[in-house]
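Tertiary structure, described
Now for the letters of each chain:
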Amino acid sequence: GPQQMPPATVVHNSLSRPDLLQIDAAQRVEARRKLMVPESTRIFLNVARLERGKGHEDLIRAMTQLSISDWELWLLGQGPEERSLKALAQELKLTDRVKFLGFCQDPTTHFAAANLFVSASQLDSLPNALIEAHAAGLPIVAYPSQGIPEIVDDPQTGRLCSEPTPAQLAKKIEEIIDSPERCLVMGANAREKVQRDFDREQQNQQFCRIILERASPDSPEVNRT
């Protein structure tokens, strides 16, 4: 009969920046002082290249539907959509609230200062920035595209939108941000999840184990002649 394909096995990206797991309450206070952010301001962070499919337009439009007033949306990244996104923020009268921070080699301080990571991407398979956000103890609100539900456990570590719309983003953001206690619990859960599921040493061992299993003489996939 036809040769059977071996079953597919998923090995997730591992956390490439374990230092983010060390961010503590004192560092959060220091990061806000350094970036001159008042304690009361809710900071929504996104780290992604500014290109189509990454959902920045939806993030900006979602901000117009928030009922809270003291917030900022920080967009870290560069890309071809920058000019049109800045024009959109201006058109919606959000230029003082939507901050285009450009490319940042080390966004640790921004992760430390933020309250929530937001993503409207429908382009990424398993974005490193989301794994990093959870490592930094940030809850995530995101569209449930591609592998994102494998990172965000709804409702333990964040919220996934039931449909990809700015209105849903705004609704899910408010469900979390209304309660600082819920934010802290979700952030702690998020960090635990990264340590459990995205540990580099563990992923490397798993990868080696799969390779060795597939290569062993007892393996059903090995073609015997």
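Everything that follows concerns the structure shown earlier in this document.
My aim in this report is to walk through the structure given alongside it, one point at a time. Keep in mind it's a predicted model, so treat the numbers as computed, not measured. (Residues numbered from 1 in each chain as written. Predicted model: local features only at pLDDT ≥ 70, side-chain atom pairs only at ≥ 80, totals over all residues. Heavy atoms only, no water.)

Describing the sheet that holds strand β2 (residues 71-76)
Spatial strand order, β3-β2-β1-β4-β5-β6: 6 strands in an open sheet with parallel pairing. Of all the strands in the sheet, just β3 (98-102) and β6 (158-160) have a single pairing partner and so form its edges. Strand-to-strand twist of the sheet, defined as the mean angle between neighbouring strand axes without regard to direction, takes the value 20°. By the bridge criterion, 2 bridges tie strand β1 (residues 42-47) to strand β4 (residues 116-119) in an arrangement that is parallel. (Pairing = 2+ DSSP bridges. Helix = DSSP H or I, 4+ residues; strand = E, 2+ residues; numbered from the N terminus. Axes fitted to C-alpha atoms, helices over the stretch in contact; angles between N-to-C directions.)

Some details on the nonpolar core
Grouped together as the largest cluster of nonpolar side chains are 31 residues, with contacts concentrated most on Leu-45, Phe-111 and Phe-117. If you tally residues by element for this core, the top one is helix α5 (residues 128-135), at 5 residues. Core analysis: the second largest hydrophobic core is formed by 29 residues, Ala-62, Trp-71, Ala-89 and Ala-170 among them. (Core = buried A, V, L, I, M, F, W, Y, C linked by side-chain atoms within 4.5 Å. Buried < 20%, exposed > 50% of the residue type's maximum accessible area, 1.4 Å probe, protein only.)

A word on the pairing of β1
Examined bridge by bridge, β1 and β2 share 6 bridges and lie parallel to one another. Paired with Ile-43 across the strands is Glu-72, a residue of β2. In this fold, β1 hands off to helix α2 (residues 56-63), which returns the chain to β2; that crossover is right-handed. (Right-handed = clockwise from strand over helix to strand, strands pointing away.)

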